[in-house]
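Architecture and fold: a report
Read off the chains here:
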Amino acid sequence: MHEDILIGLMRDQGINLAVSLPCDKAKDLFALLPLYLETVDLLREEDGVGVCAGAYLAGRKPAMVIQSSGLGNMLNALLSLSRTYDLPLPVIASWRGIYKETIPAQVPFNAGLPGILKAADIPFVIINQSHELDRISEMIDTSFRCHTPAVALVSPRCWEGTTVCERREDIPDRSQHIHLVHERNVPSPAMTRLDAIRAIVPHLHDAAVVSNIGIPSKELFWTEDRKENFYMLGSYTQASSVGLGIALSVRRRTIVIDGDGSLLGTAILPVIAAKKPRNLTIICLDNGVFGSTGNQITPAYRQVDLELYARACGFEQTAKVTSAEEIGGAIASLEQGPSFIHVVIRPGNSDAPNIPLTPHEIRDRFMNTIRNDAIQG
């Protein structure tokens, strides 16, 4: 089958993690992927940019396999994360909107996709026939050699004549018993984000840490800069995705310092819960506002309980804390992940200056430290 050939080319190029969201025109490809490669099944393509970034930083060779429409969701992350830090990311995209397309909504974006990729300076190859599939190797090589996102647009014509595998027999019984009692008394918070970060830092030890964009990263840097810290300089919503990619690739504990606005804007929490990385802790610093952009109130201020949200996503180990003492206790007690610590804080920003490190400096010292603990294979 042509799908086997494509997966074989990925493996020959050293790809050892596939991050995917399926396409109707390439069912067999997506059905076969988990049989040959460790796979992360996404809910939104943008989150895959973060997962792949984290996996690469930790020593893996990831690739994304998606429907081409998902590139529209990914563009900002591809440029503000992959391009900013010069991280490779090969993307194999089932190209919709061109060949025998029956869904009108697929045409406007996908028909202009080559021009969009050119404008973004993202290298790409077009594969119209199955005998051209070996160009996948060319695209993957370009991505890792040039440290850039690169895309293969694969026409559905390549799969014509193959048997579609629905894998209906693999779908398990859905019956379940749900029992959840969730009662919390949350006092008016006294800590600011900076207070919370100062309480977190003594408990980090040798953990790999990913911190959210904007002021959170600046406050962490000026509280205690560590070579194990990866500071997000862009890519809103991607901190926990990066953390997942790291946690799946190293043995050491991985801690993400994220925020309420960022976590409400991503679909990564159910993916984390499904993958069950035992070494991953998400610490949500919830001030109920977009703190880096003027303290505009988010739905978490009085409406969404983010600890309950994490439990609804499938996290079994959670805690809600409102004091420095409780932060330390939660980090120590929730050692088996994935765990979620909901830190309720009040709005308020410090005057922390910008981080005086280049993206390459942040990347290189982080990689050089945590890759010593990479999972082999």
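No experiment lies behind these values; they were computed from the predicted model shown. (Residues numbered from 1 in each chain as written. Predicted model: local features only at pLDDT ≥ 70, side-chain atom pairs only at ≥ 80, totals over all residues. Heavy atoms only, no water.)

Points about the sheet that holds strand S13 (residues 317-321)
If you trace the 6 strands from one edge of the open sheet to the other, you get S8-S7-S9-S10-S14-S13, paired in parallel fashion. Since the sheet does not close on itself, it has two edges, and those belong to strand S8 (229-231) and S13, each with one partner. Geometrically, the sheet is characterised by an average inter-axis angle of 15° between neighbouring strands, direction not taken into account. Summarising the sheet, strand S9 (residues 254-259) and strand S10 (residues 280-286) pair through 6 bridges and their orientation is parallel. Bridged to Ile255 within S10 is Thr281. Contacting S10, S13 and strand S14 (339-344), helix H13 (residues 306-313) runs over the sheet at an angle of about 165° to S14. (Pairing = 2+ DSSP bridges. Helix = DSSP H or I, 4+ residues; strand = E, 2+ residues; numbered from the N terminus. Axes fitted to C-alpha atoms, helices over the stretch in contact; angles between N-to-C directions. Contact = heavy atoms within 4.5 Å.)

Remarks on the sheet that holds strand S6 (residues 149-154)
With respect to topology, 6 strands assemble into an open sheet ordered S2-S1-S3-S4-S6-S5, the strand pairing being parallel. With one partner strand each, in any of the chains shown, strand S2 (39-41) and strand S5 (124-127) form the two edges of the open sheet. Strand-to-strand twist of the sheet, defined as the mean angle between neighbouring strand axes without regard to direction, takes the value 20°. The strands touched by helix H4 (residues 70-83) within the sheet are strand S3 (62-67), strand S4 (89-94) and S6, with S3 carrying the most contacts at an inclination of about 155°.

Let's talk about the pattern of salt bridges
Side chains that differ in charge, positive against negative, can pair when their charged atoms come close. Counted according to the given criterion, the structure contains 16 salt bridges. Lys275 is the salt-bridge partner of Glu38, the closest N and O atoms lying 3.9 Å from each other. Here Glu38, found in the loop between helix H2 (27-36) and S2, pairs with Lys275, found in helix H12 (residues 268-275); they are 237 residues apart in sequence, far enough to count as distant. Its salt-bridge partner being Arg363, residue Asp364 comes within 2.7 Å of it at the nearest N-O pair. (Salt bridge = Lys/Arg side-chain N within 4 Å of Asp/Glu carboxyl O.)

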